[in-house]
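Each chain is listed here by its residues.
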Amino acid sequence: MPRRPGGPGQHRARRRVQLERELWGYRVDPADAARAGAVDRILNMLRTVVNVTGDATVATVVAASEGQLDLELHGVPVAA
């Protein structure tokens, strides 16, 4: 797969420029477009938190069901 030029944030910047051009055609105020971009960034971070939390939860449940989770190591009292 060929490497695209630019750094990790360039894709987001390119997408923002395309969005601004499209919104300009609809006569949307650039300040409103900036606010939409800020909200999109926050929602993206929230989606990431949900994904990471879900992955960690599933990994913990699977490890516990297979007996590979050492609860004493993490300071969790184990019932006898």
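Before reading further, recall that the structure is shown in the block above.
Conventions and cut-offs
- Per-chain numbering applies: the sequence of each chain, read as written, is numbered from 1 onward.
- Since the coordinates come from a predicted model, pLDDT governs what is reported: local features require at least 70, and pairs of side-chain atoms require 80 or more to be given and counted, while whole-chain, interface and lining totals use all residues.
- Heavy atoms from the whole structure form the basis of all side-chain values; hydrogens and water molecules are not counted.
- Helix and strand definitions here come from DSSP, where helices need a minimum of 4 consecutive H or I residues and strands a minimum of 2 consecutive E residues; each element is numbered from the N-terminal end.
- Only protein chains enter the accessibility calculation, which uses a 1.4 Å probe. A residue is then buried if its area is under 20% of the maximum for its type, exposed if over 50%, and partly exposed in between.
- Only the protein chains shown count as cover for residues, and the accessible areas themselves come from Shrake-Rupley with a 1.4 Å probe.
- Patch construction takes residues with relative accessible area above 30% that form no salt bridge. Like charges are linked within 9 Å, and nonpolar side chains (Val, Leu, Ile, Met, Phe, Trp, Tyr) are linked within 5 Å.
- A pair is scored as a salt bridge if a Lys or Arg side-chain nitrogen falls within 4 Å of a carboxyl oxygen belonging to Asp or Glu.
- Charged residues are defined narrowly, with Lys and Arg counted positive, Asp and Glu counted negative, and His plus the chain ends left uncounted.
- By convention, the point assigned to a charge is CZ for Arg, NZ for Lys, CD for Glu and CG for Asp.
- Take the number of residues in a helix, subtract one, and multiply by 1.5 Å to get its expected span.

Engineer: I tried to follow the overall build of the chain on my own but got confused; where do I start?
Structural biologist: What the chain contains, in helices and strands, is two helices and zero strands. The buried share of the chain, reckoned over its 80 residues, is 4%. Just so you have it, the chain exposes about 7300 Å², and 61% of that area is on carbon and sulfur atoms.

Engineer: Looking at this structure, I do not really get unusual backbone geometry. What am I missing?
Structural biologist: Within the chain, Arg27 stands out as a residue other than glycine whose phi angle is a positive 60 degrees. Mapped onto the elements of the fold, Arg27 is located in the loop between helix H1 (10-25) and helix H2 (30-65).

Engineer: How do you make sense of a positive patch on the surface when you look at a structure like this?
Structural biologist: A cluster of basic residues, Arg12, Arg15, Arg16, Arg41 and Arg47, forms a positive patch on the protein surface. Residue assignment for the positive patch shows that the elements contributing at least two residues are H1 and H2. Counting residues per element, the positive patch draws most heavily on H1, at three residues. Tracing the sequence through the fold places Arg15 in helix H1. Using a relative accessible area of 42% as the deciding quantity, one classes Arg15 as partly exposed.

Engineer: When you look at H2 in this model, what are you seeing that I'm missing?
Structural biologist: Since the α-helix packs 3.6 residues into each turn, any two residues three or four apart lie on the same face. Between its first and last C-alpha atoms H2 spans 53 Å; for 36 residues at 1.5 Å apiece the expected length is 52 Å, and the two agree. One or two steps after H2, the chain reaches Gly67, where phi turns positive at roughly 75 degrees.

Engineer: Please explain a nonpolar patch on the surface as it appears in this structure.
Structural biologist: Nonpolar side chains collect at one region of the surface, where Val39, Ile42, Leu43, Met45 and Leu46 lie side by side and expose about 450 Å² of accessible area between them. Within the secondary structure, Leu46 is located in helix H2.

Engineer: Please clarify how the environment of Arg41 should be interpreted in this entry.
Structural biologist: If you trace the backbone, Arg41 turns up in helix H2. Of the residues examined, Arg41 reaches a relative accessible area of 39% and is grouped as partly exposed. Residues Arg41 and Arg12, spaced 29 residues apart in sequence, show a C-alpha to C-alpha distance of 10.0 Å.

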